[in-house]
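The residues making up each chain are set out below.
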Amino acid sequence: MYCSALYTGLGIVLRQDYIAPNATIIAESLFTIAMSVFSIISLMTFASSIPAAMSETRKIFRKLYQQVLQEGYSVPIQQLMLFKYFGEIELFYLTAWDLFRMDKHSILSILGTSISFCILIMQLKRVDLEGMT
């Protein structure tokens, strides 16, 4: 959905239509492009910050578990086991079919690649349409 909206918006802005678009169509296409880019970036940015937050939480639970053991607080065994479990939990990463992890570097490269290919396809389409006439 995002790619088709981005492709359509870029096509209208770069005047791929035979008729000249009016100001409302241009404004709508700019808003569509902005919405698509913002949605993709915000989704990937929030998803890429999950491992950092989990790592920080894991450190806090490890520290809490060690304090309970060292200082001899009277804590129920279930709560102590919960501290230990959360201190040893594995980090969660958003991956693409377990091929690579999604982080901020991959977000920018994916976004740049998709915009580059959209512009390339539109330019090839323009050259093909001009060659037919």
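Presented here is an overview of the structure given in this document. (Residues numbered from 1 in each chain as written. Predicted model: local features only at pLDDT ≥ 70, side-chain atom pairs only at ≥ 80, totals over all residues. Heavy atoms only, no water.)

## Digging into the packing of aromatic side chains
Where two aromatic rings form a pair, the distance of their centres and the angle of their planes describe that pair. Using the following cut-off: By convention, a stacked pair of Phe, Tyr or Trp rings (six-membered ring in the case of Trp) has centres within 6.5 Å and planes under 30 degrees apart, an edge-to-face pair has planes over 60 apart, and any other such pair is tilted. Secondary structure elements are defined from DSSP: runs of H or I of at least 4 residues count as helices, runs of E of at least 2 residues count as strands, and each element is numbered from the N terminus. Partly exposed residues are those whose accessible area sits between 20% and 50% of the maximum for their type, while under 20% is buried and over 50% is exposed, using a 1.4 Å probe and protein chains only.
The full count for this structure, using the stated rule, is three aromatic pairs. Ring centres of Phe61 and Phe83 lie 6.0 Å apart, and the angle between their planes is 40°; on these two criteria the pair is classed as tilted. Separated by 22 residues along the polypeptide, Phe61 in helix α3 (residues 50–71) and Phe83 in helix α4 (residues 77–88) bring together distant segments of the chain. Residue classification places Phe61 among the partly exposed positions, given a relative accessible area of 22%.

## Considering the environment of Tyr85
You can see Tyr85 is positioned in helix α4. Judged by its relative accessible area of 51%, Tyr85 falls in the exposed class. Taking the C-alpha atoms as reference, Tyr85 lies 9.1 Å from Arg62; in sequence the two are 23 residues apart.

## Some words on a nonpolar patch on the surface
Inclusion rule: Here, patches come from residues exposed beyond 30% relative accessible area and free of salt bridges, joined within 9 Å for like charges and within 5 Å for nonpolar side chains (Val, Leu, Ile, Met, Phe, Trp, Tyr). Exposure was quantified through the Shrake-Rupley algorithm and a 1.4 Å probe, taking into account, for residues, occlusion by the shown protein chains and nothing else. Within this document, salt bridges are pairs made up of a side-chain nitrogen of Lys or Arg and a carboxyl oxygen of Asp or Glu, the two lying within 4 Å of each other.
Taken together, the side chains of Trp97, Leu99, Phe100 and Ile110 present a nonpolar region at the surface, about 540 Å² in accessible area. Of note, Leu99 is situated in the loop between α4 and α5 (104–132).

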